[in-house]
Structures are given as C-alpha cells and as structure tokens.
Amino acid sequence: MSQAFLQLEFRVRHSPARRGEEVYAVGEHPSLGCWDPAQAVKLRHSPGEGVWLSAPVSVPAGVSIQYKYLLFCEGRFERWEAFDGNRTIGAATSRAGSRHSLVPPDDELDVLPAPPEPRWSAGASTPPPTPAGLAEAD
C-alpha cells in the first residue's frame, strides 16, 4: 500500500524592505530541503495582496511538518526568521485517491504565533500549577 501525500502551499505576509528581497520556506522534510537553505522552496510575491505564495509541495499525510521562512536578497541567502523554534503544521490526513491542499494559517515573517494556553478541566482533581506554585515546589 502506498503512502498518501498532500499538497502543501505556503502563504506568508511580508513587505520587502529592499529591492531584490525574496522569501523561501525550508523544513525538515526532503521536499522542503531538509533544513538546507540551498534546497529551500521559493515563494512568489503577490504585491496586490502583500503576501508571498509557494507552488504546491508534496508532503506525506499523517505527519507533522516543521518549517521556517528564510530571506534571500539578489539570490543569496541572508537570514533565517528572527525567532527561536520552528513553525509546525499538524498531521493532516488524506483519503486514498483524493487530492487535498493544505495551507497553514496566514503566517507573518519573523512572527511566531503564541502557542495556545493549556486548558484546565473543571473535572480534574487538581488545577495545573501556577508559576508561583512551581517556584514553591523547588
């Protein structure tokens, strides 16, 4: 049985700061360059929308994908996004024979969305520790 794949399309907001600036996406999966900027996926600028878009990239269904955006200028690598950590697209599934397109939520270059706050269920026996409670435990 062959593995199912999805078509992943990147979309990121970024206003070029200088002429010749380009945005690329790179990630852990081979289709995203295995974190090698020289193998990254080039995005095209859509000035009317103020966003950069990629052509569809084939990635396996059912796995999470980590990625980051890169800046190039005049075809040369300039820098990685300016934050620690990586962006993640959660595992997505595809039905056999279907063609799904997966688009991450609108990203903004150099801005990593805050992770969701953990939720505490009223049915839990004890609430989660607070930062002050963690300090007292030491």
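Residues numbered from 1 in each chain as written. Predicted model: local features only at pLDDT ≥ 70, side-chain atom pairs only at ≥ 80, totals over all residues. Heavy atoms only, no water.

K.L.:
Got a minute to help me understand the overall build of the protein chain in this structure?
P.N.:
Helix and strand content of the protein chain: one helix and 12 strands. N-terminal to C-terminal, the α/β element order of the protein chain is β-β-β-β-β-β-β-β-β-β-β-β-α. Considering the protein chain as a whole, with its 138 residues, one finds that 33% of them fall into the buried category. Across the protein chain, contacts joining residues at least 24 apart in sequence account for 67% of those joining residues at least 6 apart. For the protein chain, the accessible surface area stands at approximately 8900 Å², while carbon and sulfur atoms represent 53% of it. (Helix = DSSP H or I, 4+ residues; strand = E, 2+ residues; numbered from the N terminus. Buried < 20%, exposed > 50% of the residue type's maximum accessible area, 1.4 Å probe, protein only. Contact = heavy atoms within 4.5 Å. Areas by Shrake-Rupley, 256 points an atom, 1.4 Å probe, with all protein chains shown as cover.)

K.L.:
Please clarify how the environment of H29 should be interpreted in this entry.
P.N.:
By secondary structure assignment, the location of H29 is in the loop between β3 (21-27) and β4 (41-42). Along the chain, H29 and S58 lie 29 residues apart, while their C-alpha atoms are 9.8 Å from each other. Setting aside chain neighbours within four positions, we find H29 in contact with C34, S58, V59, P60 and I65.

K.L.:
Honestly, the sheet that holds strand β6 (residues 51-53) in this entry has me stumped. Any pointers?
P.N.:
Hydrogen bonds along the backbone pair up the strands of a sheet, which may run parallel or antiparallel. Taken together, the four strands give an open sheet; going across it, the order is β5-β6-β2-β12, and neighbouring strands pair in mixed fashion. The open sheet is flanked by β5 (44-46) and β12 (107-108), the only strands paired with a single partner. (Pairing = 2+ DSSP bridges.)

K.L.:
Explanation requested: the nonpolar core in the structure shown.
P.N.:
Nonpolar side chains in soluble globular proteins tend to be buried together. Grouped together as the largest cluster of nonpolar side chains are 19 residues, with contacts concentrated most on F10, V12, V23, L32, L43 and Y69. Looking at this core element by element, the count peaks at four residues for strand β8 (residues 65-73). When neighbours within four sequence positions are excluded, Y69 is seen to be in contact with F10, R11, V12, V23, Y24, A25, L43, W80, E81, R87, D107 and L109. Within the second largest apolar cluster, five residues are counted, among which are Y24, V26, A40 and L70. (Core = buried A, V, L, I, M, F, W, Y, C linked by side-chain atoms within 4.5 Å.)

K.L.:
Sorry if this is basic, but what is going on with the pattern of salt bridges here?
P.N.:
Side-chain pairing between opposite charges can occur once the charged atoms of the two side chains come close. One pass over the full model with this rule turns up four salt bridges. A salt bridge links R18 to E78; the nearest nitrogen and oxygen atoms lie 2.9 Å apart. Linking R18 in the loop between β2 (11-13) and β3 with E78 in strand β9 (residues 76-80), this pair joins segments that are 60 residues apart in sequence. Residue classification places E78 among the partly exposed positions, given a relative accessible area of 36%. For R87, the salt bridge goes to E81, with nearest N and O atoms at 2.6 Å. Its relative accessible area of 5% is what places E81 among the buried residues. (Salt bridge = Lys/Arg side-chain N within 4 Å of Asp/Glu carboxyl O.)

K.L.:
What's the story with the pairing of β8 in this structure? I'm lost.
P.N.:
Working note: regular strand, side chains alternate between the two faces of the sheet. Taken across its nine residues, β8 has eight buried, putting it largely inside the fold. Pairing of β3 with β8 involves seven bridges; the strand directions are antiparallel. Across the sheet, V23 pairs through a bridge with L71, a residue of β8. A loop of two residues connects β8 with β9, the two strands running antiparallel in sequence, and E74 in this loop sits at a positive phi of about 55°.

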